[in-house]
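# Chains, contacts and geometry: an overview
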Amino acid sequence: MIRLIGYFFGIGTALALLAAAGIGIYVGNLAKDLPDYEVLAKYEPPVTTRIHASDGSLMGEFARERRLYLPIQAVPDRVKAAFLSAEDKNFYQHPGIDVTGLGRAIITNFQNFGSGRRQVGASTITQQVAKNFLLTSDQTYERKLKEMILAFRIEQTYSKDRILELYVNEIFFGLGAYGIAGAALTYFDKSVNELTVAEAAYLAALPKGPSNYHPFRHTERAVERRNWVIDQMVMNGYVNPEEGEKAKAEPLGVTPRRTGNYVFASEYFTEEVRREIIARYGQDALYEGGLSVRTTLDPTLQLFARKSMQDGLMKYDRLRGFRGPVQTIDISGDWGKALGDVKALSDVPEWQLAVVLDSAPNAVRIGLQPPREVSGAISDQRNEGTLSKDAMTWAMRYVEDGKRVKVKSVADVLKPGDVVFVERVDGGEGSYNLEQVPEVSGGMVAMDPHTGRVLAMVGGFSFSQSEFNRATQAMRQPGSSFKPIVYAAALDNGYTPASVIMDGPVTIHIGNEVWTPKNYDGKAAGPSTLRNGIERSRNLMTVRLANDMGMKLVAEYAERFGVYDKMPPHIAMSLGSGETTVMRMVSAYAVMANGGKSIKPSLIDRIQDRYGKTVFKHDDRGCEGCMATEWSSQPEPELVDHSEQVLDPMTAYQITSMMEGVVQRGTAVTVSELGRPIAGKTGTTNDEKDAWFIGYTPNLVVGLYMGYDKPQGLGKGSTGGGLAAPIFKEFMGDALKDTPVVDFQVPEGMKLIAINRKTGMQANEGDAGTIIEAFKPGTGPADSYWVIGMDESSGGGAAISPQAQKTIEQGGGGLY
């Protein structure tokens, strides 16, 4: 018997050894094909790129996976405790595999065999790291064995804290959120340090199956799972029973963080920055690189720019009457649901959508668009209001078949079922004003002339309505706002502000064609100084001046200033017939405001990578003395500007002084009401299709245009001075409020001489109509009266007789 037992024992031992050898060979083969776990040391997950305004406030986030990487040291203990309790309570004790948990899972699965239930897993946090980073999610025993082997190896290579750090930053939480920091923001709009026990427990419950514990679709199930995690935290000693019961009594409290832009009215700016990041570094860097972008946006100035532009567009649009409802819906049933499906303007929160319920001669009853619940469902709340006739007087002229019709009854304008925009009347309970999205649009840019930093940008009335950025993408003719480039070129090449040019009919032969430009008013003022020419925006003088000095020179300066990359030297271009953008025109004016130095317009101050290293910085000015560690009576450090000098500083002051005259006496006199030194120029294109104004103080340049996206006339008399300049004035009034008045600085060496405004010659004592003009060294008023363009046949100038000169000085001859 003993021999028989020994025989069977030997066979069993041999079989066991063979089985062990087989398993060893199998596991060894599996181990050979395992991925390299050392890649975890170089782990760089896709991280959210965040864009900030100049004051640090968040403007927008871009990511394929909304994740913010968080070192484990920055994760609060209660958050760690929640995850350990939910996923792996023995994490800090086991070697990668929890034998106790594994045994428990085997018994449970054996008991559930044949029941159709899903098998229970026993993966530790380390195993989940191995699976998420290195393996697939296949439900096979082979994958499970690979997971275990990798878990052992990972534990031998990395610390427990490092493994936990990888886990909490990689896992998916649902709602597009990855990693604990991204989840805290997405679900509760909080940082991880602000999470309560209940909130941390809910987030710890999600990795098991985010869709199964959705906060709105499966609320009860989510609360049940969260409470289970809280109980585990109590059982493991992380939370006392009283705290646990209090946390379990709390509602989920999920308040999803809104996506998109966070600094109000910054949508156009943010989108422009997004495009620039992609152009610089590619889409992967934007959506996965975790860049930190500090922009140049000034949120306060942005609000001023938005308001002034919207006010100007709405004022113009209202004068053209009401164009009809946004759409018409059926109100026979639940009007709230039908109205809730109509898209509102998310970036114009002052306005609400409303539907007309009843219409009478003097008022209409309206139903307001119901809000949406946090879950996205339309609320059951139904609110009503009133639109009185006094609140929509501008709409009593409405457009029908392209013609404006005047009516007396409100019922003739609005009918039941009409969906319109309304705005609550301040202090009026239930009373609203009728609003309308302007058909006309425009773009606006505000810039620091010394650095090129774009401080504010408006690309249209509403980004929600149209994402097309009219400040940077719309190619428009600048019209007369281009003239300062022509005059600056002249002043830089021998002309003076007192040079006299003939403002009279001129004929230009271009090949077989003949061009006869005209002034806006159709009149001619006769011989006039360059100053008068720009103040009164005289087309004929500008054409003569450009023709006299040559269009190649004008083109060279336009390219220097960045208005065009390559400007064709056609004479019509002198009147701004070439298309460009608001951004380029504002940058050109910044050159003149900056003493003739070139600037690079920039929406970005600096960009840092995910590790905090600066990879781009806009301001490249040097400052050697700025890094001094102590004061040793050394000179005060100064910023060294290496910008190219593209215009003589004296020329820059001369053209600035001349454009101050545009504001004080010329086509933009409305701006003078600000009572500050401001230089600027209006612009009106052919057939009044676009109205421009660009102006500046010593420290701020602002430019804008108004026009239809599909170019058409704005209407007779719709000029830059009448439409664009008031918008500029409103913005500057807000932007410069409570700031000191700053004068334009006269460059050292310039001579200030009193001249006769009409002749350009030096004024005699007691002469009327004099003005102080700035001259460069070696120049001054002419000794004799000379008119450029008087002799048209030769294209040159002609001297004037003393008698004619006296007549001009006295204002005779119908010249003004």
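See the structure above.
Here is a short report on the structure shown in this document. (Residues numbered from 1 in each chain as written. Predicted model: local features only at pLDDT ≥ 70, side-chain atom pairs only at ≥ 80, totals over all residues. Heavy atoms only, no water.)

## What to know about unusual backbone geometry
Heads up, the condition is: The numbering of helices and of strands both runs from the N terminus, where a helix is a DSSP run of H or I of at least 4 residues and a strand a run of E of at least 2. Using a 1.4 Å probe on the protein chains alone, a residue whose accessible area is under 20% of its type maximum counts as buried, one over 50% counts as exposed, and one in between counts as partly exposed.
Phi angles above zero are rare outside glycine, and Leu175 is one such case at about 55°. Relative to the helices and strands, Leu175 resides in the loop between strand S3 (172–174) and strand S4 (177–178). Phi is positive for Glu688, which is not a glycine, with a value near 50°. Mapped onto the elements of the fold, Glu688 is located in the loop between strand S22 (679–684) and strand S23 (690–697). In this structure Glu688 comes out as buried when scored by relative accessible area, which is 15%.

## Looking at the packing of aromatic side chains
Where two aromatic rings form a pair, the distance of their centres and the angle of their planes describe that pair. Note the threshold: Only the six-membered ring of Trp is used, alongside the rings of Phe and Tyr, when aromatic pairs are assigned; centres must lie within 6.5 Å, and planes under 30 degrees apart are stacked while those over 60 apart are edge-to-face, with the rest tilted.
Under the counting rule described, the total for this entry stands at 20 aromatic pairs. Note on Phe83 and Tyr167: the rings are 6.4 Å apart at their centroids and 80° apart in plane angle, and the pair reads as edge-to-face. One end of the pair, Phe83, is in helix H2 (residues 77–87); the other, Tyr167, is in helix H6 (residues 160–170), and 84 residues separate them in sequence. By relative accessible area, Phe83 is classed as buried at 1%. Overall, Tyr167 belongs to the buried group, its relative accessible area being 1%. Plain terms: the ring middles of Phe693 and Phe728 are 4.7 Å apart, the flat faces sit at 65° to each other, and that makes the pair edge-to-face. One end of the pair, Phe693, is in strand S23; the other, Phe728, is in helix H21 (residues 720–735), with 35 residues separating them in the sequence. The same class applies to Phe693 as to Phe728, namely buried.

## With respect to the pattern of salt bridges
Oppositely charged side chains can pair when the atoms bearing their charge come close. Our working definition: Basic side-chain nitrogens of Lys or Arg form a salt bridge, by our definition, when they fall within 4 Å of a carboxyl oxygen of Asp or Glu.
According to the stated counting rule, one finds 37 salt bridges in the structure shown. Across the pair Glu245 and Lys248 runs a salt bridge, and its minimum N-O distance is 3.6 Å. Of this pair, Glu245 and Lys248 both sit in helix H10 (residues 241–249), three residues apart, which is roughly one turn of that helix. A network of salt bridges, in which partner residues are shared, links Arg531, Glu535, Arg665, Arg757 and Glu773.

## A word on the sheet that holds strand S5 (residues 292–295)
Put simply, the rule is: The criterion for strand pairing is that DSSP finds at least two bridges linking the strands in question. Here an axis means a line fitted to C-alpha atoms, over the contact stretch when the element is a helix, while the angle between two N-to-C directions is reported on a 0 to 180 degree scale. Residues count as neighbours in contact if any of their non-hydrogen atoms are within 4.5 Å of one another.
Here five strands make up an open sheet; going across it, the order is S2-S1-S5-S20-S21 and the pairing mixed. If you trace the sheet from one side to the other, it starts and ends with strand S2 (58–62) and strand S21 (614–617), each paired once. Pairs of neighbouring strands in the sheet enclose a mean axial angle of 15°, with direction left out of account. As paired strands, strand S1 (residues 49–52) and S5 are joined by three bridges and run parallel to one another. Looking at the pairing, Ile51 lines up with Val293 of S5. The strands touched by helix H11 (residues 267–281) are S1, S2, S5, strand S20 (604–608) and S21; relative to S20, the strand with the most contacts, the crossing angle is about 50°.

Spatial relationships are all this shows, so hold off on functional conclusions.
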